[in-house]
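Residues per chain, in single letters:
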Amino acid sequence: MSPALLRQFPPLVWIVVFGTFLIRTGFYMVWPFISILLYREHGMSAGNIGLLLAGTALVSTVVGFYGGWLSDKFGRRLILLLGCLISLLCYALIGISHHLLPLGLAVVGSGLSSGMIDAPGKALLADSLESPKARELALHLRYFLLNLGAALGPLLGVTLGISARQQTFLLLAGCYGVLGLAFVWGFHTLNHKTGGSVPKRSGTGLRDVFAVLRRDPGFMLLILANLLMTSVYAQFNSPLVQYLDRAGTPDVAKLIALLITLNAVTVVTLQFPLLWLLRNWPIRRCLQLGITLFMGAQLLFAGGDTGSWHSWIMATILLSSGEVLLFPLLNVLIDQMAPPHLKGSYFGAGALAGLGTAGGTWIGGLFISGLGGPALYLLMACICLLIALLYGWSARYPRPYTQPVAS
């Protein structure tokens, strides 16, 4: 991690980076227990809980695109502050509501608000740093702290004894309040340094954004590859649990807990060492290595001995190592491909790859029930080959114009 690059970070970049850590830590202190609260306190069935949470994820993914476009049209400040305000209100309502309808609306609203923060936040990083290397480091640091918060959040929640309590969602609401105040200060500092005005966005219309995306087949292939990649990664969650449980793996609950912890620890510990080791590699070659690691993990999952833990541990290490390379570098690649006036829209379109998580989980369940786990993971290994081809094809297309199109 270069100190010279870190010195290029203005206050708003640090707010996005550490705000991600603050929010993700608070989120994982309370959110993993939302299903327990909905069941215990409100008597919701497992099917209805799954439908509600799936709807929340879908709303977050779709709104992520529009949040990015809105930040291009109306400015990062307005959309980020609005996202923080909606988040504060939604999580506060979850913390105090005793009726199912407002609670459900607040849960779905939390997905709406996150969609208005993620893509504009990454676009703000790109706006604030002129050096491509500095932007790359900022995106890597953001992803590192995101995972660190995800690893620390549940541990802190259990240690502090605040898990599975409805009132603890007020803590997360407070985190968004702190982040919103930090953005107010950061943009005020920027206004002061730039003579009282934040650089204006282009005001490009939504129809123009779609026109740009249609004329950028390389980027559309990248989005398709990302969607398939998230589908492959989704098999590490619910489908793997179902596979191991149905196969009669000994102490399956302990094994799953170990694999989840191993995934988080591997990502946190390997990200910057790998970044340093591969610092002279072009991004496309790093992506190829990440996809190869993903494919190796799928093959180990397919051929793993369900009576032993060893192959599952090795597969998780390979998958996590591939994740370290793929996920942050994909954001870097989107930043490089996006026209300067459409950073938010491109990051928002990149969020559509999140649909692969829902689709992958559904497909995984069907395969586990019908053809079994080995068939599922062999299919995922084949999809990894397709992903590698899509990344290669996307790089062959020339970049379209980078100036705003006429409205």
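The structure this text deals with has already been given above.
Note that this is a predicted model, so its numbers are computed, not measured. (Residues numbered from 1 in each chain as written. Predicted model: local features only at pLDDT ≥ 70, side-chain atom pairs only at ≥ 80, totals over all residues. Heavy atoms only, no water.)

1. A word on the overall build of the chain
And then number 1: The number of helices and strands found in the chain is 18 helices and 0 strands.
And then number 2: Put simply, 85% of the contacts in the chain that link residues at least 6 apart link residues at least 24 apart.
And then number 3: Taken as a whole, the chain presents about 18,100 Å² of accessible surface, with 69% of it coming from carbon and sulfur. (Helix = DSSP H or I, 4+ residues; strand = E, 2+ residues; numbered from the N terminus. Contact = heavy atoms within 4.5 Å. Areas by Shrake-Rupley, 256 points an atom, 1.4 Å probe, with all protein chains shown as cover.)

2. With respect to the pattern of salt bridges
Pairing between side chains becomes possible if they bear opposite charge and their charged atoms approach one another.
And then number 1: The tally for this structure, following the rule as stated, stands at 5 salt bridges.
And then number 2: With a closest N to O distance of 2.6 Å, R76 and D127 form a salt bridge. In this pair, R76 sits in helix α5 (residues 76–96) while D127 sits in helix α7 (residues 118–128), placing the two residues 51 residues apart along the sequence.
And then number 3: A relative accessible area of 4% places R76 in the buried class.
And then number 4: Residue D127 is classed as partly exposed on the basis of its relative accessible area, which comes to 33%.
And then number 5: Through salt bridges that share partners, D72, R76 and D127 make up one connected network. (Salt bridge = Lys/Arg side-chain N within 4 Å of Asp/Glu carboxyl O. Buried < 20%, exposed > 50% of the residue type's maximum accessible area, 1.4 Å probe, protein only.)

3. Re the environment of L379
And then number 1: Position of L379 relative to the elements: it lies in helix α18 (residues 373–396).
And then number 2: In this structure, the C-alpha to C-alpha distance between L379 and F367, residues 12 residues apart in sequence, is 9.7 Å.

4. What about the nonpolar core?
And then number 1: Counting 110 residues, the largest nonpolar core has Y91, I94, F183, F219, L240, F294 and I387 as the members making the most contacts within it.
And then number 2: If you tally residues by element for this core, the top one is helix α15 (residues 310–337), at 13 residues.
And then number 3: In this structure L240 touches Q235, L259, F301, W312 and Y377, once residues within four positions along its chain are discounted.
And then number 4: Formed by 5 residues, the second largest nonpolar core is a distinct cluster that contains V63, I79, I86 and M116. (Core = buried A, V, L, I, M, F, W, Y, C linked by side-chain atoms within 4.5 Å.)

5. Topic: the environment of A247
And then number 1: Tracing the backbone shows A247 in the loop between α12 (238–246) and α13 (252–277).
And then number 2: Each C-alpha atom of the pair A247 and G372 lies 9.4 Å from the other, and the pair is 125 residues apart in sequence.

6. Topic: the packing of aromatic side chains
And then number 1: Using the criterion set out here, one finds 15 aromatic pairs in the structure.
And then number 2: Note on F9 and W14: the rings are 5.1 Å apart at their centroids and 55 degrees apart in plane angle, and the pair reads as tilted.
And then number 3: Among the residues examined, F9 registers a relative accessible area of 6% and is labelled buried.
And then number 4: Looking at W14, the relative accessible area reads 28%, which means it is partly exposed.
And then number 5: Relative to Y377, the ring of F301 has its centre 5.2 Å away and its plane inclined at 45 degrees; by these criteria the two rings are tilted. One end of the pair, F301, is in helix α14 (residues 283–303); the other, Y377, is in helix α18, with 76 residues separating them in the sequence.
And then number 6: F301 sits in the buried class, given a relative accessible area of 1%.
And then number 7: For Y377, a relative accessible area of 0% translates into the label buried.
And then number 8: Lying over the aromatic face of F74, K73 brings its terminal NZ or CZ to 5.9 Å of the ring centre.
And then number 9: The aromatic ring of W281 is capped on one face by R285, whose charged end is 5.5 Å from the ring centroid. (Phe/Tyr/Trp six-rings, centres within 6.5 Å; stacked < 30°, edge-to-face > 60°. Lys NZ or Arg CZ within 6 Å of the ring centre and 35° of its normal.)

7. Let's talk about the environment of R246
And then number 1: As for its position among the elements, R246 is in helix α12.
And then number 2: Along the chain, R246 and G372 lie 126 residues apart, while their C-alpha atoms are 9.4 Å from each other.
And then number 3: Ignoring any residue separated from it by four or fewer positions in sequence, one finds R246 in contact with I368 and S369.

8. A few points about the packing of helix α2 (residues 11–30) against α7
And then number 1: Interhelical geometry of α2 versus α7 gives an angle of 150 degrees and a closest axis separation of 9 Å. The angle between the axes of α2 and α7 places the two elements in the roughly antiparallel class. Our pair here, α2 against α7, has a crossing hand that is left-handed. Across from L12, V13, V16 and V17 in α2, the residues of α7 making contact are G121, L124, L125 and S128.
And then number 2: Looking at the contact of α2 with α7, its residues break down into 6 nonpolar, 2 polar and no charged. (Axes fitted to C-alpha atoms, helices over the stretch in contact; angles between N-to-C directions. Parallel < 35°, antiparallel > 145°, perpendicular 65-115°, else oblique. Left-handed = near helix turned anticlockwise from the far one by under 90°. Nonpolar A, V, L, I, M, F, W, Y, C, P; charged D, E, K, R; others polar.)

9. A word on the packing of α7 against helix α16 (residues 343–350)
And then number 1: Taken N-terminus to C-terminus, the directions of α7 and α16 make an angle of 135 degrees; their axes are 8 Å apart at the nearest point. As the angle between them shows, α7 and α16 are arranged oblique. Seen along the crossing, α7 lies across α16 with a hand that is right-handed. Residue-level contacts link A119, K122, A123, A126 and D127 of α7 to K343, G344, F347 and G348 of α16.

10. Concerning α14
And then number 1: Compared with an ideal rise of 1.5 Å per residue, which puts 21 residues at 30 Å, α14 spans 31 Å between its outermost C-alpha atoms and is within 8% of the ideal.
And then number 2: What α14 keeps buried is the set I283, C286, L287, G290, I291, L293, F294, A297, Q298, F301 and A302. (Expected span 1.5 Å × (residues − 1).)

11. Quick notes on the side chain of R135
And then number 1: Inspection of the secondary structure assignment puts R135 in helix α8 (residues 132–159).
And then number 2: A distance of 2.7 Å separates the side chain of R135 from the side chain of D335, its partner in a polar contact.
And then number 3: Beyond its immediate chain neighbours, meaning those up to four positions away, R135 contacts L125, A126, L129, E130 and D335. (Polar contact = N/O pair within 3.5 Å; in protein donor to acceptor, adjacent residues only side chain to side chain.)

Remember that the coordinates give geometry; whether it matters functionally is a separate question.
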